[in-house]
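Coordinate inspection notes
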Amino acid sequence: MAIESNDALVKVFDTEQESEAMVVQGLLESAGIESVMISLDAPQEVLPGVGGVVLQVRPEQSDEALKLIEDHRTSAAAEPELTEESAQPE
């Protein structure tokens, strides 16, 4: 069932980077949560630094979406980063 433009939606994620929003949207879709991406672009000559991207979901899926996003952030933070030193063969 597709999200209609008149559906009441809940914001679950916002960022200044569209690429980051696309990753999170893919994460949600892989869990069966449909989302809508809304661009908040503003004219930079009028409102410099204002803008970004928001992901919205149906209210009944918002808790699940927020938990999924938080779990993803937690697991990403726990993964050791590849550093230049660890990338060098011994």
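Here's what I pulled together on the structure shown here. One numbering rule holds for all chains: residues counted from 1, following each sequence as written. With pLDDT at 70 or above as the cut-off, local features in this predicted model cover only qualifying residues; side-chain atom pairs require 80 or more to be listed or tallied, and sums for whole chains, interfaces and linings still use all residues. With hydrogens and water stripped out, all remaining heavy atoms of the structure feed into the side-chain values.

What follows concerns the sheet that holds strand E1 (residues 10-15). Only when DSSP finds a minimum of two bridges between them are two strands counted as paired. In this text, helices come from DSSP runs of H or I with a minimum length of four residues, and strands from runs of E with a minimum of two, each type numbered from the N-terminal end. With antiparallel pairing, the three strands of this open sheet are ordered in space as E1-E3-E2. Edge strands, defined here as strands with exactly one partner in the open sheet, are E1 and strand E2 (35-39). Between one strand and the next, the sheet's axes are offset by a mean angle of 25°, whatever the strand orientation. Both E2 and strand E3 (residues 53-57) contribute to a ladder of five bridges, which runs antiparallel. Looking across to E3, one finds that isoleucine 38 is bridged to valine 54. What makes two residues a contact is simply this: any of their non-hydrogen atoms within 4.5 Å. Fitted lines through C-alpha atoms serve as axes, helices being fitted only where they are in contact, and the angles separating the N-to-C directions of these axes extend from 0 to 180 degrees. The strands that helix H2 (residues 59-78) touches are E1 and E3; relative to E1, the one it contacts most, it runs at about 30°.

Now for the nonpolar core. Note on terminology: a nonpolar core comprises buried Ala, Val, Leu, Ile, Met, Phe, Trp, Tyr and Cys residues joined through side-chain atoms within 4.5 Å. Think of it in three bands: residues with accessible area under 20% of the maximum for their type are buried, residues over 50% are exposed, and the middle band is partly exposed, with areas taken using a 1.4 Å probe on protein chains only. In this structure, Val12, Phe13, Ala21, Val24, Leu28, Ile33, Val53, Leu55, Val57, Ala65 and Ile69 together form the largest nonpolar core, which totals eleven residues. Contributions of two or more residues to this core are made by E1, helix H1 (18-30), E3 and H2. Contacts of leucine 28, omitting those with residues within four sequence positions, involve Val12, Ile33, Ser35, Leu55, Val57, Ala65, Leu68 and Ile69.

On to the pattern of salt bridges, then. Salt bridge, as used here: a side-chain nitrogen of Lys or Arg that lies within 4 Å of a carboxyl oxygen of Asp or Glu. In total, this model carries three salt bridges according to the counting rule given. When the shortest N-O distance is used, the salt bridge between lysine 11 and aspartate 14 registers 3.4 Å.

With 13 residues, H1 extends 18 Å from end C-alpha to end C-alpha; this agrees with the ideal 18 Å at 1.5 Å per step. Considered for burial, the residues of H1 that qualify are Ala21, Val24, Gln25 and Leu28. Along the axis of H1, the buried positions cluster into a sector of 105°, meaning they face one direction only. With respect to the buried face of H1, the exposed residues turned more than 90 degrees away are Val23 and Ser30. Helix span, expected: 1.5 Å multiplied by one less than the number of residues in the helix. In this description, one arc is meant: the one made by directions from the helix axis to the C-beta atoms.

As a further point, take the packing of H1 against H2. Following both chains from N to C, one finds H1 and H2 inclined at 120°, their axes separated by 10 Å at the closest point. Classified by the interaxial angle, the pair formed by H1 and H2 is oblique. Note on packing geometry: the crossing formed by H1 with H2 is right-handed. Counted together, Val24, Leu27 and Leu28 of H1 and Ala65, Leu68, Ile69 and His72 of H2 form the full contact between these two elements. The cut-offs work like this: below 35 degrees is roughly parallel, past 145 is roughly antiparallel, 65 to 115 is roughly perpendicular, and the gaps in between are oblique. Less than a right angle of anticlockwise turn of the near helix away from the far helix marks a crossing as left-handed, whereas a clockwise turn marks it as right-handed.

Moving on, we get to the side chain of glutamine 25. You can see glutamine 25 is positioned in helix H1. Leaving out residues up to four positions away in the same chain, glutamine 25 has contacts with Ser35, Val36, Met37 and Leu55.

By themselves, these are just geometric observations and shouldn't be taken as functional.
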